[in-house]
Each structure stands twice: as C-alpha cells, then as structure tokens.
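Breakdown of the fold
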Amino acid sequence: MQTEPQKRISESALKVWRISGVIKGAIEWAIAVTAIIIIHIFNRPIWVMVILIALAIILTYLHIFLFPSIRWKRWRYDVREEEIELLEGIFIISRTLVPMVRVQHVDTVQGPILRKYKLASVIVHTAATAHEIPALEESEAEELRFYISKLARVAEDDV
C-alpha cells in the first residue's frame, strides 16, 4: 500500500481562502440583516433575530478561520510517472488517483485573488471530469502543468 501524497500547496492559499471566506461572510451577513429587517417590520419574535445573528457569527468564523486551516492541512498531492494522486477534504476525505493515460490536457487558472498572491491552480482534464490542484506558486504551477503534459504524452505513446 502506498503512503499518502506528500506535496503541499502554497501556504498563501490560507490568505486566498480567508479572503473568499470574508466575501461569503459578507453575503451571509447581508442575507441575515435583510431577514432581520423583514422580521422587525412584521413584528415577529425577537428570538428569531437572535438565532439569525448567532448563525451568521458561527458561519463567518467557520468560513474565515476554521475551514481554510483544515483545508490547507489536508490538501496534498503527488505527481508520479503513471498517476496523479490527490488528497483533499474537510469532513469527507477524498483520495483520488488519476492515471496519466487518461489525462487529455492540463490548464493553469488564475483569478484576481490568486493573481494578487502570485498563485495559480492546475486543472487536469480527463474525458470524464477535471481535477484541480489549487493555489500553487505561479512558477510551480507552470512547471507542474508542463511536467504533467509531458508525462501524459509519454503515457499516451505507450498505449
């Protein structure tokens, strides 16, 4: 039996995921405030407002602090000659093996938040789905994209 993958994504992923958590939290707070205003207008019980505020506080904490930390600690990957192995998840741990012979093409993707922190994600496409290795340093992402592409061509030639 093989051991778990050992390579980690960039520690800057924490910052990116926390910024995303702030955005999610702002949306959740906007919904909660809107609901509180509606509840106040229609003279509903105050305990409903208290529950909404408590829920918004808990979700904000989870999205900004807890989930990014757990996600970063869990995320690992390895690229071998025959396969790519991914390990991810917070509550449900997913361990995926992608055979090189199944790889069709490889992309690097970089949104505005990733670009600010000089990070990029590598997306490996197969006929069935796409697998993402998130938040790698830009240079590492480009090298990995090229390396996987090269291994996939060699694997395809062997078939």
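See the structure shown above.
Let me begin by describing the structure that accompanies this report.

1. Details of the environment of Val79
With respect to the helices and strands, the residue Val79 is situated in strand E2 (residues 76–79). Val79 gets classed as buried once you look at its relative accessible area, which sits at 11%. Between the C-alpha atoms of Val79 and Leu144, which are 65 residues apart in sequence, the distance is 8.5 Å. Beyond its immediate sequence surroundings of up to four residues, Val79 is in contact with Ile84, Met100, Leu144, Tyr147, Ile148 and Leu151.

2. Some thoughts on the side chain of His63
Tracing the backbone through its elements, the reader meets His63 in helix H2 (residues 46–74). Those residues in contact with His63 that lie beyond four places of it in its chain are Trp17, Gly21, Lys24, Glu28 and Pro68.

3. A short note on the sheet that holds strand E3 (residues 83–88)
Judged by pairing direction, the sheet is antiparallel, and its four strands sit side by side in the order E1-E2-E3-E4 without closing on themselves. The sheet terminates laterally at strand E1 (7–8) and strand E4 (94–99), the two strands that pair on one side only.

4. Examining the environment of Leu55
Structurally, the position occupied by Leu55 is in helix H2. In this structure, the C-alpha to C-alpha distance between Leu55 and Glu28, residues 27 residues apart in sequence, is 9.4 Å.

Here is what the cut-offs are and how they apply
Residues numbered from 1 in each chain as written. Predicted model: local features only at pLDDT ≥ 70, side-chain atom pairs only at ≥ 80, totals over all residues. Heavy atoms only, no water. Helix = DSSP H or I, 4+ residues; strand = E, 2+ residues; numbered from the N terminus. Buried < 20%, exposed > 50% of the residue type's maximum accessible area, 1.4 Å probe, protein only. Contact = heavy atoms within 4.5 Å. Pairing = 2+ DSSP bridges.

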